[in-house]
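# Report on the structure
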Amino acid sequence: MEIVIDAHNVSKVYNPETIPVHAVNNVHLHVERGEFTALVGPSGSGKTTLLNLLGGLDRPNEGKIVINGTDITDMKENQLIDFRLNNIGFVFQSFNLIPVLTAKENIEFIMLLQGASKKQRDERVQTLLKEIGLSDKTNTMPSQLSGGQQQRVAVARALASKPQFILADEPTANLDSKSASDLLDIMAKLNKEENMTFIFSTHDSRVIERARRVVTLVDGRITSDTATFQISH
Amino acid sequence: MLLLLAWRNLWRNKSRSLITMASVFCAVVLAVLTAALQQGVWDNLIKNVVGYYTGYLQIHHEGYWDDQTLENAFEPTDSLQTLLQTTPGINTSAARLESFVLASSGEKTRGCIVVGVEPAREEGIIHLREKLAKGTYLTQTDDGAMVGEELAKRLSIGVGDTIVLLGQGMYGSMAAGKFAIRGLLHFGSPELNENMLFLSLPNAQTLFDAAGLVTSIVISPTDTRALDQLAGTLNNRAGPTHEVMTWKEMMPEMVQSIAADSAGMYIILGVLYLVISFGIFSTLLMMVAERQREFGMLVAVGLKKRKLAWMLTIESLLVTLTGSVIGILVSIPIAHYLAKNPIRFSGQTAEVYERFGFEAIFPASTETSIFLTQGLIVLVIGLVLSAYPIFSAFKLEAVKAMRK
Ligand SMILES: Nc1ncnc2c1ncn2[C@@H]1O[C@H](COP(=O)(O)OP(=O)(O)OP(=O)(O)O)[C@@H](O)[C@H]1O
Ligand SMILES: [Mg+2]
């Protein structure tokens, strides 16, 4: 099996000088290609912090993070931005889209940054819009899309750059259960059909049910790491 | 793409962008018009001063300006004539012989200044023919006189009447003569209207017993902006026996009032620019604060900070540029209109101006450099202020920005 994420002994401490908060504490985590993994835990347990570390958005105080064989721990900032652009897809809880660009342009944007040709972009955007079921919203502005539709566009945007994996921090937190389930359907389909690796944090038990691996964080430590067929009902 | 993004962002908060543009626009229009009026007024004053009588440049016998008597007259020698012909930058020149006499007609007598002129040449210097209000213009051989309108009125004379002049000629000789009035002259300056009387140069030389002598040679330069340079050249070439003076030396009070005026203008412009600077800055401040999450997201998904900064610069420049370009476009016709239809003013200011011998009008200058300078200043302000979004783009931390 191919390992896409290798987090080794990773810790993140906020305010080390004043009142230290050990948001992520000595975490070891391996993620293999094709996983569909949920990161769960109570509020403040360090889910966002861990995802940020894995995504190269934040730097650990200790430990080492290797993405697809590349150690990103000590990368220079500009290098890291480029690395994120080409290797990691992001879906955030909200504010994913550029409000002044259409759905199509939002997806295209990331490919433009990668320097893709017009033809490549057009083709891929069409395919992605179809996959998320929003072909009819090509030229719609984000403000005209429902929250669920916006998150689907965000998934397409994350996918557009052909990343190694997609990190999604509470992607369904602002969605009603129908939209949340639709989004999960799309993510699961992409996972199955394109073998895209997803790691998403969530509070929602219905979302957790869909995961094939559940990693639980408590106070910044991994307390359990289970394949769901073992706990499935 | 970044350009498109910047453009769309501009219209995202339409009213804010429009208000900022409008304030830039107003400031540019105000600044351009202030500067154009000011420059126009100066140009007008200078043109008036030199055009009424003095000319841009004069050559005298050394010491004449401080002691304006016939004893300080000089002979325009061949070498001096050659010098005038060979010095580059001279458009035309004209010789004058000037002195003071008493003029009388019937019962009435008044002091006046008699100037012997080369009538044809004066047309190229002070456009003397254009000042002719009545009668005919003098010729070089004419034995008649032209007088200022007001002087004629006070002496109760008109075209065709005769006037008697009485004064002192060279070396204490008696100067007396009778001259027919050929024409009446209208000057913009009341002072000149009241005091001037023109004869042809040979005629005046005979009157004052000063054959072949002149008191000044008035020079009109081809380029008024190169005046000081021309004066320097002439001064070197003419040697110590002659003094070369520009209008600035002959009318030092003019230079002072222009300097005082310009200080006032710079203060006004300074305040104006300060006001729009604050306007633009507060817009940028709000814009940057409001969009932290968006910026954070953009950097998170892979937008280099350099590009983000570039996008924000384009945004702020678009606002200032649009505002100032429209401002300049609008102020050009206004300035042209004000140049053609100058504002007239009255009251105390007008009196002061008239005492100095200027028409009491506010024309506007339409010099291109004014529009360019003011537009450029606003652009530079825009550029300098866009340092703020650039700075905030570079210090942005994606994670923190998105947490807000
Ligand atoms: N920038 C920061 N400075 C200081 N402390 C922080 C910062 N960010 C997070 N923390 C702290 O680190 C801990 C982990 O926070 P984190 O946001 O990762 O938790 P989380 O599991 O994502 O919570 P939630 O479910 O509410 O999103 C919390 O105690 C939080 O208060
Ligand atoms: Mg969180």
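Residues numbered from 1 in each chain as written. Chains lettered and ligands numbered in written order. Predicted model: local features only at pLDDT ≥ 70, side-chain atom pairs only at ≥ 80, totals over all residues. Heavy atoms only, no water.

Glycine aside, negative phi is the norm for most residues, and most peptide bonds take the trans geometry. Residues and elements named next belong to chain A. Residues other than glycine seldom take positive phi values, yet Asn9 does so here, at roughly 55 degrees. Within the fold, Asn9 resides in strand β1 (residues 3-14). Given the relative accessible area of 26%, Asn9 is considered partly exposed. For Asn26, which is not glycine, the phi torsion reads 55 degrees and is therefore positive. With respect to the helices, strands and loops of the structure, Asn26 is situated in strand β2 (residues 21-32). The class for Asn26 is partly exposed, based on a relative accessible area of 38%. (Helix = DSSP H or I, 4+ residues; strand = E, 2+ residues; numbered from the N terminus. Buried < 20%, exposed > 50% of the residue type's maximum accessible area, 1.4 Å probe, protein only.)

Before going further, it helps to examine the site of ligand 1. Around ligand 1 sit 15 residues, and of these Ser43, Gly44, Lys47, Thr48 and Thr49 of chain A come closest. Nearby residues around ligand 1 are contributed by chains A and B. In this structure, Glu170 of chain A approaches ligand 1 through a side-chain N or O atom, which is 3.2 Å from an oxygen atom. In the complex, the protein chains occlude 70% of the 630 Å² of accessible area that ligand 1 would expose alone. Its atoms largely coinciding with the cavity grid, ligand 1 occupies the largest pocket. (Near = heavy atom within 4 Å. Polar contact = N/O pair within 3.5 Å; in protein donor to acceptor, adjacent residues only side chain to side chain. Areas by Shrake-Rupley, 256 points an atom, 1.4 Å probe, with all protein chains shown as cover. 1 Å grid on protein atoms, 1.4 Å probe; cavity = no way out; pocket = protein on both sides within 12 Å on 5 of 7 lines; lining within 4 Å. Sits in = over half its atoms within 2 Å of the grid points.)

With that settled, consider the packing of helix α3 (residues 78-86) of chain B against helix α8 (residues 227-238) of chain B. Residue and element names in this part refer to chain B. Following both chains from N to C, one finds α3 and α8 inclined at 155 degrees, their axes separated by 11 Å at the closest point. On the basis of the axis angle, α3 is roughly antiparallel to α8. Seen along the crossing, α3 lies across α8 with a hand that is right-handed. Residues Leu83, Leu84 and Thr86 of α3 lie in contact with α8, whose contacting residues are Leu234, Arg237 and Ala238. Taken together, the residues that form the contact of α3 with α8 break down as 4 nonpolar, 1 polar and 1 charged. (Axes fitted to C-alpha atoms, helices over the stretch in contact; angles between N-to-C directions. Parallel < 35°, antiparallel > 145°, perpendicular 65-115°, else oblique. Left-handed = near helix turned anticlockwise from the far one by under 90°. Contact = heavy atoms within 4.5 Å. Nonpolar A, V, L, I, M, F, W, Y, C, P; charged D, E, K, R; others polar.)

What follows concerns the interface of chain B and chain A. On the side of chain A, 30 residues touch chain B, which itself brings 21 residues to the contact. Summed over both sides, the interface between chain B and chain A buries roughly 2,200 Å², with carbon and sulfur atoms accounting for 69% of that surface. Summed over the shared surface of chain B and chain A, the result is 3 salt bridges. Arg8 of chain B is the partner of Glu105 of chain A in a salt bridge, and the nearest nitrogen-oxygen pair spans 2.7 Å. The interface formed by chain B and chain A contains 6 residue pairs in polar contact (both at pLDDT 80 or more). (Buried area = accessible area lost by both parts, 1.4 Å probe. Salt bridge = Lys/Arg side-chain N within 4 Å of Asp/Glu carboxyl O.)

All right, on to the nonpolar core then. Counting 187 residues, the largest nonpolar core has Phe200 of chain A together with Leu165 and Leu234 of chain B as the members making the most contacts within it. Counting residues per element, this core draws most heavily on helix α2 (residues 14-54) of chain B, at 17 residues. Three or more residues apiece are contributed to this core by two domains, here domain 1 (2-50 + 254-403) and domain 2 (55-250) of chain B. Counting 17 residues, the second largest nonpolar core, distinct from the first, contains Tyr53, Val117, Ile126 and Val218 of chain B. (Core = buried A, V, L, I, M, F, W, Y, C linked by side-chain atoms within 4.5 Å. Domains from an automatic or database assignment.)

Looking now at the sheet that holds strand β10 (residues 221-227) of chain A. Residue and element names in this part refer to chain A. Strand order in the open sheet made by the 6 strands is β6-β7-β8-β3-β9-β10, with mixed pairing throughout. This sheet does not close on itself; its edge strands, each paired only once, are β6 (88-91) and β10. Sheet twist, expressed as the average angle between the axes of neighbouring strands with direction ignored, equals 15 degrees. For strand β9 (residues 213-218) and β10, the ladder comprises 6 bridges, and the chain directions are antiparallel. Bridging across to β10, Leu217 finds its partner in Ile222. Against the sheet, helix α6 (residues 177-194) engages β3 (36-40) and β8 (197-201), with an angle of about 150 degrees to β8. (Pairing = 2+ DSSP bridges.)

Residue and element names in this part refer to chain B. By the assigned domains, chain B splits into domain 1 (2-50 + 254-403) and domain 2 (55-250). For domain 1 and domain 2, the distance between their C-alpha centroids amounts to 48 Å. The interface of domain 1 with domain 2 comprises 9 residues on the first partner and 8 residues on the second. In total, about 750 Å² of surface goes out of reach between domain 1 and domain 2, with carbon and sulfur atoms giving 70% of it. Taken together, the links from domain 1 to domain 2 amount to 0 salt bridges. If you look at where domain 1 meets domain 2, you find 0 residue pairs in polar contact (both at pLDDT 80 or more). When residues of the side of domain 1 that touches domain 2 are traced back to their parent elements, those giving at least two are α2, α10 (252-290) and α13 (347-356). Among the residues forming the side of domain 1 that touches domain 2, the class breakdown is 5 nonpolar, 1 polar and 3 charged.

Let us now look at the sheet that holds β1 of chain A. Residues and elements named next belong to chain A. The strand order β2-β1-β4-β5 describes an open sheet built from 4 strands, whose pairing is antiparallel. Single-partner strands in this sheet number two, and they are β2 and β5 (70-71). For strand β4 (residues 62-67) and β5, the ladder comprises 2 bridges, and the chain directions are antiparallel. Residue pairing across strands places Ile67 opposite Thr70, the latter belonging to β5.

Let's shift gears to the layout of surface pockets. Roughly 1,000 Å³ of internal volume is contained in the largest pocket. In terms of lining residues, the largest pocket is bounded by 42 residues, among which Thr48 and Asn52 of chain A together with Val399, Lys400 and Arg403 of chain B are the most central. Looking at the lining of the largest pocket, the elements with two or more residues in it are β1, β2, α1 (47-54), α2 (77-87), β6 and β7 (165-169) of chain A together with α11 (292-301) and α16 (398-403) of chain B. Of the residues belonging to the lining of the largest pocket, the class tally is 17 nonpolar, 11 polar and 14 charged. (Points joined across faces, edges and corners; volume = space filled by probe spheres on them.)

Time to look at the pairing of β3 of chain A. Residue and element names in this part refer to chain A. Most of β3 is tucked away, with 5 of its 5 residues classed as buried. Covered by surrounding structure in β3 are Phe36, Ala38 and Val40 together with Thr37 and Leu39, the residues of both alternating faces. Bridge count between β3 and β8: 4 bridges; the pairing is parallel. Looking at the pairing, Thr37 lines up with Ile199 of β8. Bridge count between β3 and β9: 4 bridges; the pairing is parallel. Bridge pairing in β9 links Val40 to Thr216.

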